[in-house]
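Tertiary structure, described
Read off the chains here:
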Amino acid sequence: MLTIALPTGRVFADAAGIIEAAGLPCRGLSSPGRKLVIEDGDFRYILAKPSDVPLYVSYGTADLAFAGGDVLLESAMPLVELFDTGKGRCRVVVAGPRSLAPRFLGHASELMWLKVATKYPRIADGHFSARGAQVDIIHLHGSIELAPKLGLSDCILDIVQTGGTLKANSLEVLEHVCDISLRLVASRKSTALRWDEVQSVAKKIEEAAEETRP
Ligand code: PRP
């Protein structure tokens, strides 16, 4: 039995689509309802909160998993990144009101003690530290755009896909941090002990991802 973790939410359909295109047994995966574990043949699929996926992999509970680049950077868990599926492309950016833009164009000292709301405190800390600024990071778990709107923060560091949420909340991209996409990762334990099995499934998944690349 090989266990594959899939993140619920915005990239679930992409991940499930690749599994199906790879021809792996996956009955019930496209419409799981409230099920969190789905088994078909020699495969078990775990449907997990995106930010928890790296943990399932690093503990070896899942042999393979689909995980967003944002989640992988933030978790910094020990696992093996096999390849980029090319799906779920989005950007991590710093965004805020237009009035803040001049401070981002000036010297790094202009950003000192800026209040930054984010779901990604590690990425935010790394980004602003590398830029030479120490900022005040406010860790939230969702609806990040609320923070600058209500005066809780000056700006946000978040993922942007269509840009619709920023626009609806009168925020603009102030700085690009990195591009991210959906990756296939493997547990170190499984790559060490079950490499043949892991590799053969990963190869099918990679070929399917290539074929369905946008
Ligand atoms: C993400 C992100 C933004 C939004 C960006 O939130 O945190 O709020 O999507 O997408 P867009 O550029 O296509 O508008 P998500 O929908 O995952 O929900 P959350 O705010 O509860 O984390």
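Residues numbered from 1 in each chain as written. Predicted model: local features only at pLDDT ≥ 70, side-chain atom pairs only at ≥ 80, totals over all residues. Heavy atoms only, no water.

Quick notes on the packing of aromatic side chains
Tallying each qualifying case throughout the model produces one aromatic pair. Their ring planes at 10 degrees and their centres at 6.4 Å tell us that Phe 43 and Tyr 45 sit as a pair that is stacked. (Phe/Tyr/Trp six-rings, centres within 6.5 Å; stacked < 30°, edge-to-face > 60°.)

Re the domain arrangement of the chain
As far as domains go, the chain holds domain 1 (2-88 + 181-211) and domain 2 (90-180). Using C-alpha coordinates to define each centre, domain 1 is positioned 29 Å away from domain 2. Buried area between domain 1 and domain 2, both sides added, is near 900 Å², and the carbon and sulfur share of it is 55%. Its largest share of buried area at the contact with domain 2, domain 1 owes to Arg 10, Asp 70 and Glu 74, together 58% of the area lost on that side. If you look at where domain 1 meets domain 2, you find zero salt bridges. Where domain 1 meets domain 2, there are five residue pairs in polar contact (both at pLDDT 80 or more). Taken together, the residues that form the side of domain 1 that touches domain 2 break down as two nonpolar, four polar and three charged. (Domains from an automatic or database assignment. Buried area = accessible area lost by both parts, 1.4 Å probe. Salt bridge = Lys/Arg side-chain N within 4 Å of Asp/Glu carboxyl O. Polar contact = N/O pair within 3.5 Å; in protein donor to acceptor, adjacent residues only side chain to side chain. Nonpolar A, V, L, I, M, F, W, Y, C, P; charged D, E, K, R; others polar.)

A short note on the sheet that holds strand S8 (residues 136-139)
Two modes of strand pairing occur in sheets, parallel and antiparallel, and in both the strands are linked by backbone hydrogen bonds. Read from one edge to the other, the open sheet built from five strands follows the order S8-S7-S9-S6-S10, with strand pairing classed as mixed. The strands lining the two open edges of the sheet, one partner per strand, are S8 and strand S10 (172-180). Ignoring which end each strand starts from, the neighbouring axes of this sheet average 25 degrees apart. Pairing of strand S7 (residues 115-118) with strand S9 (residues 155-160), which is carried by three bridges, proceeds in the parallel orientation. Along S9, the bridge assignment pairs Ala 117 with Ile 156. (Pairing = 2+ DSSP bridges. Helix = DSSP H or I, 4+ residues; strand = E, 2+ residues; numbered from the N terminus. Axes fitted to C-alpha atoms, helices over the stretch in contact; angles between N-to-C directions.)

Here we look at the side chain of Ser 75
Looking at where Ser 75 falls in the secondary structure, it is placed in helix H3 (residues 69-75). Within the structure, Ser 75 has its side chain in polar contact with the backbone oxygen of Leu 72 (distance 3.3 Å). Leave out the neighbours within four places in its chain, and Ser 75 touches Pro 54 and Arg 122. (Contact = heavy atoms within 4.5 Å.)

Let's talk about the packing of helix H1 (residues 12-21) against helix H9 (residues 195-211)
Two elements in contact, H1 and H9, have axes separated by 8 Å at closest approach and are oriented at 110 degrees. Put simply, H1 runs roughly perpendicular to H9. Crossing of H1 over H9 shows right-handed handedness. In this structure, H1 contributes Ile 18, Ile 19 and Ala 21 to the contact, and H9 contributes Ile 205, Ala 208 and Ala 209. Split into classes, the residues belonging to the contact of H1 with H9 amount to six nonpolar, no polar and no charged. (Parallel < 35°, antiparallel > 145°, perpendicular 65-115°, else oblique. Left-handed = near helix turned anticlockwise from the far one by under 90°.)

Things to note about the site of the ligand
Lining the immediate surroundings of the ligand are 13 residues, of which Arg 10, Lys 119, Asp 158, Thr 162 and Thr 165 lie closest. Separating an oxygen atom of the ligand from a side-chain N or O atom of Lys 119 is a distance of 2.5 Å. Where the shell around the ligand is concerned, the elements lending two or more residues are S9 and helix H7 (164-168). Class assignment of the residues belonging to the shell around the ligand gives a composition of two nonpolar, seven polar and four charged. (Near = heavy atom within 4 Å.)

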